[in-house]
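Working through the structure, step by step
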Amino acid sequence: MKWSQFFNTSIGKKLLVGATGLFLCSFVIVHLAGNLALLKEDGGEAFNTYAAFMGHNGLIQFIAWGLKIVILIHLVIALQLTFRNRAARPVKYAVHPGNKTSSWFSRQMAIMGSVLFIFIVIHLSQFWWAMHYGEIGKVSYGAVTEVGNLYEVVWFAFKELWIVALYVLGMVALSFHLIHGFKSACQTFGLNHPKYNGLISFIGVWFFGIIIPVGFAVIPVVIYIKQI
């Protein structure tokens, strides 16, 4: 079987969704680490320096564009699997089997994934587009070359309560998505084992499902409160 044919099968698509999902899991860790600099009381120096490096380093930009492609691949294939599964069972259960066949999280993946995708589009249009193609102020720090003041753009945006609420909602969707997604990806790649299932569940729920989303959500909330 050719690779193109293999990745058109359900197993091949699940492998692609799992691989792209694990890649995105690693990205959110790095992204959160950089974004926490927004809370550092240094006038935006740490965050603006970080943003300038991420925005102008050739290798980082190559990875960043690859990330956007990965997100689209992940979304499209996940939707294909969802529709294929529904088509294979055209008649709904008379009584929903509930957790006997799948977890509540897995049944909400399509909805939460769609909410998360909408959030990502809004997030990119607000900050990524402003950084690369918008007209934002410039600032210099010592001997550092003049850089865009994205810190100011972010703080200004988080003066609006509705934007803060939108980001918190986006992080709720991220939490639900990661809780099921991380565990599902591990299962797809055959990493499930009685010896490691407890650790996989702990990482999926507590680290990716709680710590990461809460870390992201705290940023706009703290910035909003500081500006009241």
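The rules we used
- Residues numbered from 1 in each chain as written.
- Predicted model: local features only at pLDDT ≥ 70, side-chain atom pairs only at ≥ 80, totals over all residues.
- Heavy atoms only, no water.
- Disulfide = S-S within 2.5 Å.
- Axes fitted to C-alpha atoms, helices over the stretch in contact; angles between N-to-C directions.
- Helix = DSSP H or I, 4+ residues; strand = E, 2+ residues; numbered from the N terminus.
- Parallel < 35°, antiparallel > 145°, perpendicular 65-115°, else oblique.
- Contact = heavy atoms within 4.5 Å.
- Nonpolar A, V, L, I, M, F, W, Y, C, P; charged D, E, K, R; others polar.

According to the stated counting rule, one finds zero disulfides in the structure shown. Not engaged in a disulfide, the cysteine Cys 186 finds its nearest cysteine sulfur in Cys 25; these two sulfurs lie 8.4 Å apart.

What follows deals with the packing of helix H3 (residues 45-56) against helix H7 (residues 150-157). Where H3 meets H7, the closest approach of the two axes is 8 Å, and the angle between their N-to-C directions is 115 degrees. Taken as axis vectors, H3 and H7 run roughly perpendicular relative to one another. Counting all contacts with H3, which are made through Phe 47, Asn 48 and Ala 51, the residues of H7 involved are Leu 150, Tyr 151 and Val 154. Split into classes, the residues belonging to the contact of H3 with H7 amount to five nonpolar, one polar and no charged.

Below, the discussion takes up the environment of Ile 223. On the secondary structure map, Ile 223 appears in helix H9 (residues 197-226). With 185 residues separating them in the primary sequence, Ile 223 and Leu 38 have C-alpha atoms 8.4 Å apart. Other than its neighbours up to four places away in sequence, Ile 223 contacts Leu 38, Leu 39, Val 154, Trp 155 and Phe 158.

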